[in-house]
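Per-entry structural report
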Amino acid sequence: MIGPYLSMQVHENIYFDLRAAWGRSSNDLTLGTTTGGFDTSRWLVKGTLAGNWLYDAWRFTPSAELAYVEESQDAFTNSAGTFIAGQDVSLGRLQFGPEIGYRFAHSADTFIEPFAAIKGVWDFDNPNVAIVDGFVVGPGDFWGRLEGGLNVITTSGWYLRGLASWDGVGSDDYSGYTLQGTLNVPLN
């Protein structure tokens, strides 16, 4: 997917990000001896409003993110002559909650910050499928997520983030686990 991205500071400690993207995919599948292929088109719009407050070594970052993604899958006929109807799937999601971190000076130019977060997740347009364009669909309309990890920040602008999360807080029949890493390197 490709599209524009906007990031701006709307107040001293409040930031707004907006992203829109469009794309296509071509898919080939094989089920036993039967084969087929179809194309999809998709679009996404996502906005995030986040605050960032520091008090001594503590960081408090509440945020709310609203996202909507839609994918249209074309109809096709497989190699056995069976017509497979096209379909449209969409997911609308609101995520919200705080992240709290505590920064330690590791050296004169490097800081280490463990953090924890709790998020509420509400799928207000839930397609009852497992994944829509990379977004894992949850166990129902509302559940929670616990996150924790470590940030490493240098005074020269390098930023390394490791995160582990557990989705499914409040759900009896769903658990999802994620490991994620991010590295930001300044280019100037």
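The shown structure was predicted, so the numbers you read here are calculated from the model rather than taken from an experiment.

Glancing now at the overall build of the protein. A count of helical and extended segments in the protein gives 0 helices and 15 strands. On C-alpha atoms alone, the protein measures out to a radius of gyration of 20 Å, which is more than a quarter above the 16 Å that the 2.2 N^0.38 rule sets for 188 residues. Among the 188 residues that make up the protein, the fraction classed as buried is 31%. Long-range contacts, defined as pairs at least 24 residues apart, comprise 50% of the intrachain contacts of the protein with a sequence gap of at least 6.

Let us look at the pairing of strand 10 (residues 110–125). Both strand 8 (residues 87–102) and strand 10 contribute to a ladder of 8 bridges, which runs antiparallel. Following the sheet pairing, Gly 92 is matched in strand 10 by Asp 125. As paired strands, strand 9 (residues 104–107) and strand 10 are joined by 3 bridges and run antiparallel to one another. Following the sheet pairing, Ala 105 is matched in strand 10 by Phe 111. Where strand 9 folds back onto strand 10 in an antiparallel hairpin, the turn is made up of 2 residues. In this structure, strand 10 lies alongside strand 13 (residues 142–154), joined through 13 bridges in antiparallel fashion. Note on strand 13: the bridge partner recorded for Pro 114 is Leu 150.

The next point concerns the environment of Val 185. Turning to its location among the elements, Val 185 is positioned in the segment after strand 15 (176–184). For Val 185, a relative accessible area of 37% gives the class partly exposed. The spatial distance from the C-alpha of Val 185 to the C-alpha of Gly 157 is 6.7 Å, given a sequence separation of 28 residues.

Moving on, we get to a nonpolar patch on the surface. Together, Leu 6, Met 8, Val 10, Leu 18, Trp 22, Trp 43, Val 45 and Leu 49 make up a nonpolar patch on the protein surface, roughly 690 Å² of accessible area in all. For the nonpolar patch, the secondary-structure elements that each account for two or more residues are strand 1 (5–11), strand 2 (14–31) and strand 3 (34–51). Its place among the elements puts Val 10 in strand 1. Using a relative accessible area of 42% as the deciding quantity, one classes Val 10 as partly exposed.

Before going further, it helps to spend a moment on the layout of surface pockets. Counted as a void, the largest pocket has a volume near 1400 Å³. Lining the largest pocket are 37 residues, and of these Thr 48, Ser 63, Glu 65, Lys 119 and Arg 161 sit closest to its centre. For the lining of the largest pocket, the leading source of residues is strand 3, giving 6 residues. In the lining of the largest pocket, the residues fall into 11 nonpolar, 14 polar and 12 charged.

Our focus in this paragraph is the side chain of Asp 123. As for its placement among the helices and strands, Asp 123 is situated in strand 10. Among the polar contacts made by the side chain of Asp 123, one reaches the side chain of Arg 93 at a distance of 2.7 Å.

Time to look at the packing of aromatic side chains. For the structure on display, the rule yields 6 aromatic pairs. Seen in terms of ring centroids, Trp 58 and Tyr 102 are 4.7 Å apart; in terms of plane orientation they differ by 70°. Their pairing is edge-to-face. Residue Trp 58 is located in strand 5 (residues 58–73), and its partner Tyr 102 is located in strand 8; the two are separated by 44 residues in the primary sequence. Judged by its relative accessible area of 29%, Tyr 102 falls in the partly exposed class. Here Trp 122 and Phe 124 contribute two aromatic rings whose centre-to-centre distance is 5.3 Å and whose plane-to-plane angle is 50°, an arrangement assigned as tilted. Using a relative accessible area of 37% as the deciding quantity, one classes Phe 124 as partly exposed.

Conventions and cut-offs
- Residues numbered from 1 in each chain as written.
- Predicted model: local features only at pLDDT ≥ 70, side-chain atom pairs only at ≥ 80, totals over all residues.
- Heavy atoms only, no water.
- Helix = DSSP H or I, 4+ residues; strand = E, 2+ residues; numbered from the N terminus.
- Rg over C-alpha atoms; globule rule 2.2 N^0.38 Å.
- Buried < 20%, exposed > 50% of the residue type's maximum accessible area, 1.4 Å probe, protein only.
- Contact = heavy atoms within 4.5 Å.
- Pairing = 2+ DSSP bridges.
- Patch = residues over 30% accessible without salt bridge, like charges linked within 9 Å, V, L, I, M, F, W, Y side chains within 5 Å.
- Areas by Shrake-Rupley, 256 points an atom, 1.4 Å probe, with all protein chains shown as cover.
- Salt bridge = Lys/Arg side-chain N within 4 Å of Asp/Glu carboxyl O.
- 1 Å grid on protein atoms, 1.4 Å probe; cavity = no way out; pocket = protein on both sides within 12 Å on 5 of 7 lines; lining within 4 Å.
- Points joined across faces, edges and corners; volume = space filled by probe spheres on them.
- Nonpolar A, V, L, I, M, F, W, Y, C, P; charged D, E, K, R; others polar.
- Polar contact = N/O pair within 3.5 Å; in protein donor to acceptor, adjacent residues only side chain to side chain.
- Phe/Tyr/Trp six-rings, centres within 6.5 Å; stacked < 30°, edge-to-face > 60°.

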